[in-house]
Amino acid sequence: MKKAIVSKNKLYTLIALLVVIGLLAFLQVNSAEYSYPISILERSAIYAVVAVSMNLLTGFTGLFSLGQAGFMAIGAYTVAILTIPVDNRPSVYYVNGISPVIENLHCPFWMALIIAGLLAAAVAALIGIPVLRLKSDYLAIATLGFSEIIRAILAAPQLDRITNGSYGLKNIPGFPNLFAAFGLCALCIGLMVLLINSSYGRAFKALREDEIAAQAMGLNLFHYKELAFVISSFFTGVGGGLLAMFMRSIEARTFSISLTYDILLIVVLGGIGSVTGSVLGAFLVTAGREWLRFFDNPLTIGGVQIPLFRSGFRMVIFSILLMVVVLFYRRGIMGSNEFSWDGLGRLLKSIPARLSGKYKSKKGENA
Amino acid sequence: MSLTTFLQQCLTGISLGGAYALIAIGYTLVYGILRLINFAHGDIFMMAGYFMIFAMASLPWFIAVPLVLLVTVLLGVSIERVAYRPLRTAPRMSVMISAIGVSYLLQNLATYLFTALPKGYPEIPFLKKIFQIGGLSASFVTFLTPVLTLIIVYVLIVLINKTKIGMAMRAVSKDYDTAALMGIKINRVITFTFAVGSLLAAVGSVLYFTDRMTVFPFSGSLPGLKCFVAAVFGGIGSIPGAVIGGFILGLGETALVALGYSTFSDAFTFVLLIIILLIKPTGLFGEKTTDKV
């Protein structure tokens, strides 16, 4: 009996996967027609990668790091420098000229993504040595500081011939097709899930729960913190590279503190400590931000123009939403639980009861 | 570099440092009591800049300035009431995320209400008057800032060491629960702390923006982070520490700009942070704490 239920869930997963692949194939064939939804979905998937990598640190290891934007910048610039077609380079670097070191450096995008991740991880390893000795809020502010330092270095005039300074880099080749984009994102998230479920993942969770107890159990605190930090930064770097391929042109200003806050919003909304929550949060936040665009346009009801609706209102709504989640639904959508078909079934069954107001949610139980 | 230029730069640095010190005190007070980096503090400072623009549009400065101070204090206190008080028993990470959320909200609100374009800061005529001392020339505000900072710090230290509410603040920062058991009204002390912090941020904002001339929605975020670093540098919870941290930061930054490394002047702050945390994690005047299991 037990076995039958498990295989039923596997069947559901398989069906869901096929539906997603079918949808992707459909979008791929009609990509010209659906370019706007495709761009939203791609951005969501990329943010999901970065959000899960942030969750790996914040939710699973208990290290509150705010350096995401900096590592994304490293990844994005690496991918940009390595993949811009050599023929296009003079036109990209038309102001300052290109440094001879990188003039003929070129490699396929998948290799560039791996290098981007490795570079971000290497920087993280260096930064981690001093920074990871710090506790909660000092760690947050120090990583935030490093993210700003990285951005300052990338924008520095001394590096103009490599990063093209304030002009940014453009003509970055995009994804060859939708399957590459979503497949890469899924691969990254899948690898992180494998890590979280491994013995290393259990060590991370032990750290999160109680550092001193974990140390007493023989875990080398610094070793595991550094490991989590480096791996998370690797995937953040890859995510930055993917973002560069998605946006096609990047500049240092893209990777400011507010990008980190956006990712944090996703993680908090999805539930700190839930991978599926982060993925769900990424899609909801990115899509929601697009759907809420009507808040930015003037609205007229019955000939009266509502004065509230103008540019910027969308972001105000968004930040209020974040505050509401933080203050009243601290667990986010998923809490620290993962998505499961049984959970979904329970949620669906409880809807009629919830509507009639009889449903009382048990503490600790979340769909 | 001639001696005059050197002194001129020093003067600029000290003036900037004075404004930083005033903001840093706000961080240090709040952190000392709540163990919370009030990420919104820099944005309160920015909002004070906007309040000043609107107050000065129709009022003379001697009414506008007290009004701005009052409104800023109200803003700071209501932020504490709405965003931090409900989370008093929540894990520290939640409170910190809430603080980041408030900062995000204030920035977006400012962008929405006042647009992202920089707005000109009103001039208070006597503050902008140029003074000449020897070869040095600077506006009155440059001389006023450090002096005013030191006076305010003196008053604050007296307040904390000599008055009843000051004693309550010290008690709460030492031990939260015991202070509550002793009959100290914790929430009132915290409200008072936020009021003082916001008041100083408003004063700092008048001095800082009079020199900078423009305000935009993100003009609080980086100074805010820097001033937190100044507070950490001096030892969190220590007022003289925050002031010294503020001055060192102001001088160092001005020196880097003067030497032509202006892109790295922001990075300097964080390098300073890392160094102090590695060498003396409690800051210059910080108290030693030990973790108990």
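Just so you know, the residues in each chain are numbered from 1, in the order the chain's sequence is written. Ligands are numbered from 1 and chains lettered from A, in the order in which they are written. Note on the predicted model: pLDDT of at least 70 is required for a residue's local features to be given, and 80 or more for side-chain atom pairs to be given and counted; whole-chain, interface and lining totals, by contrast, use all residues. Note that the side-chain values use all heavy atoms of the structure and ignore hydrogens as well as water.

Once that is clear, we can look at the overall build of chain B. Where helices and strands are cited, they refer to DSSP runs of H or I of at least four residues and of E of at least two residues respectively, numbered from the N terminus. Helix and strand counts for chain B come out as 12 helices and four strands. With C-alpha atoms as the basis for the radius of gyration, the globule rule is written as 2.2 Å multiplied by the number of residues raised to the power 0.38. Radius of gyration (C-alpha) of chain B: 19 Å, near the 19 Å computed for a compact globule of 293 residues. If you line up chain B on its principal axes, its C-alpha atoms span 60 × 45 × 35 Å. Here chain B has roughly 12700 Å² of accessible surface; of this, 70% comes from carbon and sulfur atoms. Charge assignment: positive for Lys and Arg, negative for Asp and Glu; neither His nor the chain ends contribute. One atom stands in for each charge, and that atom is NZ of Lys, CZ of Arg, CG of Asp or CD of Glu. Mean positive and mean negative side-chain charge positions of chain B (19 and 10 charges, respectively) differ by 8 Å. In these tables, accessible area is a Shrake-Rupley quantity obtained with a 1.4 Å probe, and a residue counts as shielded only by the protein chains included in the view.

This brings us to the pairing of strand S2 (residues 130-133) of chain B. DSSP bridges decide pairing: two strands pair if at least two such bridges lie between them. When S2 of chain B meets strand S3 (residues 136-139) of chain B, the two strands line up antiparallel, connected through four bridges. Among the inter-strand pairings, Phe131 of chain B is bridged to a residue of S3 of chain B, identified as Ala138 of chain B.

With that settled, the discussion passes to the pattern of salt bridges. Think of a salt bridge as a Lys or Arg side-chain nitrogen and an Asp or Glu carboxyl oxygen that are within 4 Å of each other. Under the counting rule described, the total for this entry stands at eight salt bridges over all chains. In this structure, Lys225 of chain A engages Glu211 of chain A in a salt bridge whose closest nitrogen and oxygen atoms are separated by 3.1 Å. With a gap of 14 residues between them, Lys225 of chain A in helix H11 (residues 221-247) and Glu211 of chain A in helix H10 (residues 211-216) connect regions that are remote in the sequence. For Arg85 of chain B, the salt bridge goes to Glu80 of chain B, with nearest N and O atoms at 3.3 Å. The classification of residues rests on relative accessible area computed with a 1.4 Å probe and restricted to protein chains. Under 20% of the type maximum is buried, over 50% is exposed, and intermediate values are partly exposed. A relative accessible area of 0% places Glu80 of chain B in the buried class. One salt-bridge network, held together by shared partners, links Glu80, Arg85 and Arg88 of chain B.

Residues and elements named next belong to chain A. Structurally, the position occupied by Phe318 is in helix H14 (residues 313-328). Given the relative accessible area of 3%, Phe318 is considered buried. For the pair Phe318 and Leu292, spaced 26 residues apart in sequence, the C-alpha separation works out to 8.9 Å. Setting aside residues no more than four positions away along its own chain, Phe318 makes contact with Leu265, Val285, Gly288, Arg289 and Leu292. It only takes one pair of heavy atoms within 4.5 Å for two residues to be counted as in contact.

On to the interface of chain B and chain A, then. Counting residues at the interface gives 43 residues for chain B and 49 residues for chain A. Around 3900 Å² of area is buried between chain B and chain A when both sides are counted, 77% of it from carbon and sulfur atoms. Three residues, Ile97, Tyr104 and Tyr112 of chain B, lead the burial of chain B against chain A; their summed loss comes to 20% of the area buried on that side. Scanning the region where chain B abuts chain A turns up zero salt bridges. A 3.5 Å cut-off defines polar contacts: any pair of N or O atoms within that distance qualifies, except that in protein one atom must be a possible hydrogen donor and the other a possible acceptor, and neighbouring residues in sequence count only when both atoms are side-chain atoms. Counting the contacts that link chain B with chain A gives three residue pairs in polar contact (both at pLDDT 80 or more). Those elements that provide at least two residues to the side of chain B that touches chain A are helix H3 (61-84), helix H4 (92-114), helix H10 (221-234) and helix H12 (265-279) of chain B. Examining the composition of the side of chain B that touches chain A, we find that 16 residues originate from one element, H4 of chain B, more than from any other. Three classes are used: nonpolar for Ala, Val, Leu, Ile, Met, Phe, Trp, Tyr, Cys and Pro, charged for Asp, Glu, Lys and Arg, and polar for all others, with Gly counted as polar. Grouping the amino acids of the side of chain B that touches chain A by side-chain chemistry returns 34 nonpolar, six polar and three charged. Two parts placed together each lose some accessible area under a 1.4 Å probe, and the buried area is that loss summed for both.

This part is about the environment of Ser221 of chain B. On the secondary structure map, Ser221 of chain B appears in helix H10. Setting aside chain neighbours within four positions, we find Ser221 of chain B in contact with Asp43 and Gln107 of chain B.

What follows is about H14 of chain A. Counted at 1.5 Å a residue, the expected span for H14 of chain A with its 16 residues is 22 Å, and the 22 Å between its end C-alpha atoms agrees. Inspection of H14 of chain A places Phe313, Arg314, Met315, Val316, Phe318, Ser319, Leu322, Met323, Val325, Val326 and Leu327 of chain A among the buried residues, and these make up the whole buried set. Multiplying 1.5 Å by the residue count of a helix minus one yields the expected span of that helix.

Within a pair of aromatic rings, the relevant descriptors are the distance that separates the centres and the angle that separates the planes. Between rings of Phe, Tyr and Trp, where Trp is taken as its six-membered ring, a pair exists when centres lie within 6.5 Å; planes separated by under 30 degrees are stacked, by over 60 edge-to-face, and by other angles tilted. What the rule picks out here adds up to 19 aromatic pairs over all chains. Chaining the aromatic ring pairs together yields one cluster made of Tyr20, Phe45, Tyr121, Tyr208 and Phe209 of chain B. Counting as a charge over the ring demands two things of the Lys NZ or Arg CZ atom: a distance within 6 Å of the ring centre and an angle within 35 degrees of the ring normal. Sitting over the face of the ring of Phe318 of chain A, Arg289 of chain A holds its NZ or CZ atom 4.9 Å from the ring centroid. Positioned above the aromatic ring of Tyr208 of chain B is the side chain of Arg212 of chain B, whose terminal nitrogen or guanidinium carbon lies 4.6 Å from the ring centre.

This next bit is on the nonpolar core. With 208 residues, the main nonpolar core has Leu66, Leu169 and Ile250 of chain A together with Ile25, Phe39 and Tyr84 of chain B as its most contacted residues. Considering every element that reaches this core, the biggest residue donor is helix H1 (residues 3-34) of chain B, with 14 residues. Discounting residues that sit within four places of it in the chain, Leu66 of chain A has contacts with Met54, Ala140, Thr143, Leu144, Ser147, Thr260 and Leu264 of chain A together with Phe39 and Ile100 of chain B. By nonpolar core is meant a set of buried Ala, Val, Leu, Ile, Met, Phe, Trp, Tyr and Cys residues that side-chain atoms within 4.5 Å join together.

Attention now moves to the confidence of the model for chain B. All names here are of chain B. Per-residue confidence from the predictor is reported as pLDDT, a score between 0 and 100. Mean pLDDT over chain B works out to 86, with 97% of the residues at or above the 70 mark. When pLDDT is averaged over each element of chain B, H3 comes out on top at 92 and helix H5 (residues 125-128) at the bottom at 76. Interface predicted TM-score (ipTM) for the complex: 0.80; the corresponding pTM is 0.85.

With that settled, the discussion passes to the side chain of Thr163 of chain A. Residues and elements named next belong to chain A. Note that Thr163 resides in helix H7 (residues 160-163). Look at Thr163 and you get buried, because its relative accessible area is 3%. There is a polar contact of 2.8 Å between the side chain of Thr163 and the backbone oxygen of Leu154. With residues up to four places along the chain from it excluded, the contact list for Thr163 reads Tyr77, Leu154, Gly168 and Leu169.

All names here are of chain B. Between N-to-C directions, angles span 0 to 180 degrees; the directions come from axes that are lines fitted to C-alpha atoms, helices contributing only their stretch in contact. As a packed pair, helix H2 (residues 41-58) and H4 sit with axes 9 Å apart at the nearest point and diverge in direction by 25°. Considering the angle they form, H2 stands roughly parallel to H4. By crossing handedness, the relation of H2 to H4 is classed as left-handed. Along the contact surface, H2 presents Asp43, Ile44, Met46, Met47, Tyr50 and Phe54, while H4 presents Ser103, Leu106, Gln107, Ala110 and Phe114. Here the residues of the contact of H2 with H4 are counted per class, giving eight nonpolar, two polar and one charged. Here the word oblique covers every angle except those under 35 degrees (roughly parallel), over 145 (roughly antiparallel) and from 65 to 115 (roughly perpendicular). Note on convention: the crossing is left-handed when the near helix lies turned anticlockwise from the far helix by less than a right angle, right-handed when the turn is clockwise.

Our focus in this paragraph is the state of the cysteines. What counts as a disulfide here is a pair of cysteine sulfur atoms lying within 2.5 Å. Following the criterion strictly, the structure yields zero disulfides over all chains and no others. Free of any disulfide, Cys188 of chain A has its nearest neighbouring cysteine sulfur in Cys185 of chain A, separated by 6.6 Å. Its relative accessible area of 8% is what places Cys188 of chain A among the buried residues. The thiol of Cys227 of chain B is not disulfide-bonded; the next cysteine sulfur, from Cys10 of chain B, is found 20 Å away.

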